[in-house]
Structures are given as structure tokens and as C-alpha cells.
Amino acid sequence: MNINVSGKKVLVRVDFNVPLDKELNITDDTRIQRALPTINKLLAEGAAVILMSHLGRPQKKLNEDGTINVKKFTLRNIAPHLATLLNRPVQFAEDCIGENAKTKAASLLSGEVLLLENTRFHKGESKGDIAMAQSLASLADIYVNDAFGTAHRAHASTSVIAQYFDQSNKQFGLLMQSEITNADKVLHNPQKPLVAITGGAKVSDKLLLLEKLIDFADTVIIGGGMAYTFFKAQGGEIGNSICEEDKVDLALDLLELAKKKNTQLLLPVDNVAADDFSPTANSQIVDSMSIPNGWEGLDIGPESIDLFSKAIATAQTIIWNGPMGVFEFDKFAIGTNAIAQAVAGATSKGAFSLIGGGDSVSAIKKNGLADQVSFVSTGGGAMLEYLEGKELPGIKAIKS
Ligand code: AMP
């Protein structure tokens, strides 16, 4: 960040979309913590800082009478914790646009912080509404986008707004910049060998990512629910395991592509099969190609853990996106936990490791290893799309 912000009003799009419990307490403040360096830098340099974010999906969870559930989705829920972290008062505007926001923004002084109400209280946010973007832009001299988690959305506050600022008055925040730098480190000229670990429920969600990874990684590991579509495609018996029948051909295409590109593609050789989708289900270790009727694979087995861990240990660069099994159930988290350990182990020996958002981040955190990997992304969908090679609207808008 290199714009002179002293005495200026700076509007920062942050991603404060943090999880809240039923009592509306923040259960994980990582996203707020990761935005602090940008906010503190701007304040130290004499800016008046206006913060805007979305929180949840208020338009999709309206009250019965069709109104917004303000109590649940208000950013007021975030303000006290933010004030504690910033060690200064945080003013609040009940609407992100309109007279109240305008008046409060206009009277905001250097070193002061104003938090605007949830941008998604307006339908125009997700629609990329021009009038809303213009209205937000009118609050400040400078626009900073630090919300990597929503950079894949062409929304009013993340992308459309940027056109109302000159090139010299808009820029990335420190978090956004480091997300981009770390992802680019993997995508462009990574140290080889590059081992990519993929998992999660569905092949369809990760199809583009898999194609891209097969193209440029040395080894691609496929674990989690996705793997069963591959077993099925190769004529395996998968019992009740999760499978996308309509993606069987695509799975075969990906296996073929890996051969063509000379990329090692590793699938689990054994699995932990359960007799029910439940944390207390009975389980047994079974061969990947012969999962008994009535049983479903919910985790990778010990031989697969060994196979994958050895591959990970050879890596100089690692990308991890997606769990190896239903890691929400402790009994079926063993494979995912072991992979988290293997990634941390390789990192301690000098590999660069990028944890690509979403459930892999939860797994790394659950294992207390967040500070033993190189970079933990704050973006699930955004990181996925960035790694797929897409230009994210939030990034493009600042550059152009
Ligand atoms: P994704 O959001 O695509 O990364 O998928 C994450 C979800 O995949 C997690 O909630 C896991 O519980 C789920 N998952 C992983 N492995 C399996 C499996 N073998 N069977 C069913 N669900 C799975």
C-alpha cells in the first residue's frame, strides 16, 4: 500500500464474514484478525478509516414477513470485538449508504474508524448495482480492497465500486496483496516437485482445479468423497459411497489427461468404510476397489495415509484444498489429520505450503498447525477460482 492517505477518508472493503454462534458470539475471528494490518497501517498513516463488509446471506434468510433479520446479520455484532482488537472506539452507521452513512463519514477524523452496516442488507450489493456502488464510493477519497474471501464476486462493494476511483486512489490491502503473492508463488514458477492435494465431497466442484493441477503439478493426490467417482469409473465396487454417476466419464478423462501430461495421480488404495453416515458408525478398512454393499467410504485408510505422506515429503511446493474424509466426525478425521501433519512436516523441511481455504483450513487449525504451514488462505471459493486460473472481479477492478 503506497498511496498517501494522511488526512484522507479511506473506504476499505474487508471480509468480516465471521461465524457466529446462536448467542451471536464470534466463534472464529481469523478474518477480522487478518484485516488488522491494513486497518492499523492506514490509521497510523493518518487516514479516517471507513470499513464495509457483508455478513452471511441476509437476503436468503429473510424474516417471515419478508424483512431483513437485522438482529442476526447486523455488523453491530462485530463492532465491540473490532474495537477491542483495534484498541480504539468504532463508530457505526446503521446503513452502508444514505444520509446516515454520509454524515458519519463526512465528520470522521484522522485516526477514527467507522463501520458501515452489512452491505448485503441491500439487494444491489450482490447484483453489482451501479447506484449502490456510486453511493458507497461517494463516502471516501480512496478505495482499498482487502476482502480476498469475496474477490470472486462482482458485487457493488467488491468490484463495481472501483471504477469510481482514479487508478491512483485505489489499491489492494495488505491481506489481499499477500493472498495474491502467495497464490502466484505456487502458480508461476513454483519450486519442484509440486504436490497438490485435493479432497472434499464432489468432483464437479473441483473439476477445473483438477484439470489445472494435472497440467502443472508433478503429483496430484485425490482423496475425500471425490475419489469414489474415480473408483467407480475404473470398475470398482463402492457400496454406498458418495459418487457422481454423471461425472464418471470426466473422471476417466482426468486419468487419461494425467497420463498424457506425465503427472503422477495418486488415489487412495484403502479406505475406512462405515455402515452409516454417523460419527458413531461401525467401521472397517477396505480396499478402494471393493467396498462392500451397505458400507460407505468416509476416510482414507492407513496404507493411503502412508502413500500420500511419502509423496508429500518429497515436495518443495504444496497446495492443499479439501479434506480426505468426513473430518467433521472425529472417527473419520484420521486421514485428514495425518495429511495436515505431513504438510506441516514437509514445510518444516523447507517446502512452501499453501492451504487453499475452506475445510482444509479448518483441518489445519483443528490440528493446531496453522503456524507450521507457509500460508493459510482466507478465501475458499476465491482461492479455488484463483488457482483455476480465473481472473477474479475484485482483483481485476483494482488493476484496471
Ligand atoms: P468441499 O467443500 O468440496 O471441500 O467438501 C468438504 C466436505 O466434503 C466436508 O464437509 C466433508 O465431510 C465432505 N467429505 C469428504 N470426504 C467425504 C466422503 N468420503 N463422503 C462424504 N463426504 C465427504
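Parameters and conventions
Residues numbered from 1 in each chain as written. Predicted model: local features only at pLDDT ≥ 70, side-chain atom pairs only at ≥ 80, totals over all residues. Heavy atoms only, no water. Helix = DSSP H or I, 4+ residues; strand = E, 2+ residues; numbered from the N terminus. Buried < 20%, exposed > 50% of the residue type's maximum accessible area, 1.4 Å probe, protein only. Contact = heavy atoms within 4.5 Å. Lys, Arg positive; Asp, Glu negative; His and termini not counted. Charge placed at Lys NZ, Arg CZ, Asp CG, Glu CD. Axes fitted to C-alpha atoms, helices over the stretch in contact; angles between N-to-C directions. Parallel < 35°, antiparallel > 145°, perpendicular 65-115°, else oblique. Left-handed = near helix turned anticlockwise from the far one by under 90°. Nonpolar A, V, L, I, M, F, W, Y, C, P; charged D, E, K, R; others polar. Domains from an automatic or database assignment. Buried area = accessible area lost by both parts, 1.4 Å probe. Salt bridge = Lys/Arg side-chain N within 4 Å of Asp/Glu carboxyl O. Polar contact = N/O pair within 3.5 Å; in protein donor to acceptor, adjacent residues only side chain to side chain.

Quick look at the overall build of the protein chain
- Within the protein chain, the secondary structure is distributed over 15 helices and 17 strands.
- Residue burial in the protein chain is summarised as follows: out of 400 residues, 55% are buried.
- Counting contacts in the protein chain only where the partners sit at least 6 residues apart, residues at least 24 apart contribute 72% of the total.
- Seen as two clouds, the 39 positive and the 46 negative side-chain charges of the protein chain have centres 6 Å apart.

Topic: the packing of helix H8 (residues 203-216) against helix H10 (residues 248-260)
- Relative to each other, H8 and H10 sit at 15°, their axes nearing to 10 Å. Classified by the interaxial angle, the pair formed by H8 and H10 is roughly parallel. Along this stretch, H8 crosses H10, giving a crossing that reads as left-handed. Facing Leu207, Leu210, Glu211 and Ile214 of H8, the residues of H10 in contact are Leu250, Leu254, Leu257 and Ala258.
- Classifying every residue of the contact of H8 with H10 gives seven nonpolar, no polar and one charged.

Side note on the domain arrangement of the protein chain
- Per the domain assignment, the segments making up the protein chain are domain 1 (9-177) and domain 2 (190-387).
- For domain 1 versus domain 2, the separation of C-alpha centres amounts to 35 Å.
- Taken together, the contact between domain 1 and domain 2 spans nine residues of the former and eleven residues of the latter.
- Here domain 1 packs against domain 2, burying approximately 790 Å² in sum over the two surfaces, 57% of which is carbon and sulfur.
- When the buried area of domain 1 at its contact with domain 2 is split by residue, Arg34, Phe148 and His152 rank highest and sum to 65% of it.
- For the pair domain 1 and domain 2, the interface holds one salt bridge.
- Where Asp28 meets Lys365, a salt bridge forms, and the shortest distance between an N and an O atom there is 2.9 Å.
- In this assembly, domain 1 and domain 2 are joined by four residue pairs in polar contact (both at pLDDT 80 or more).

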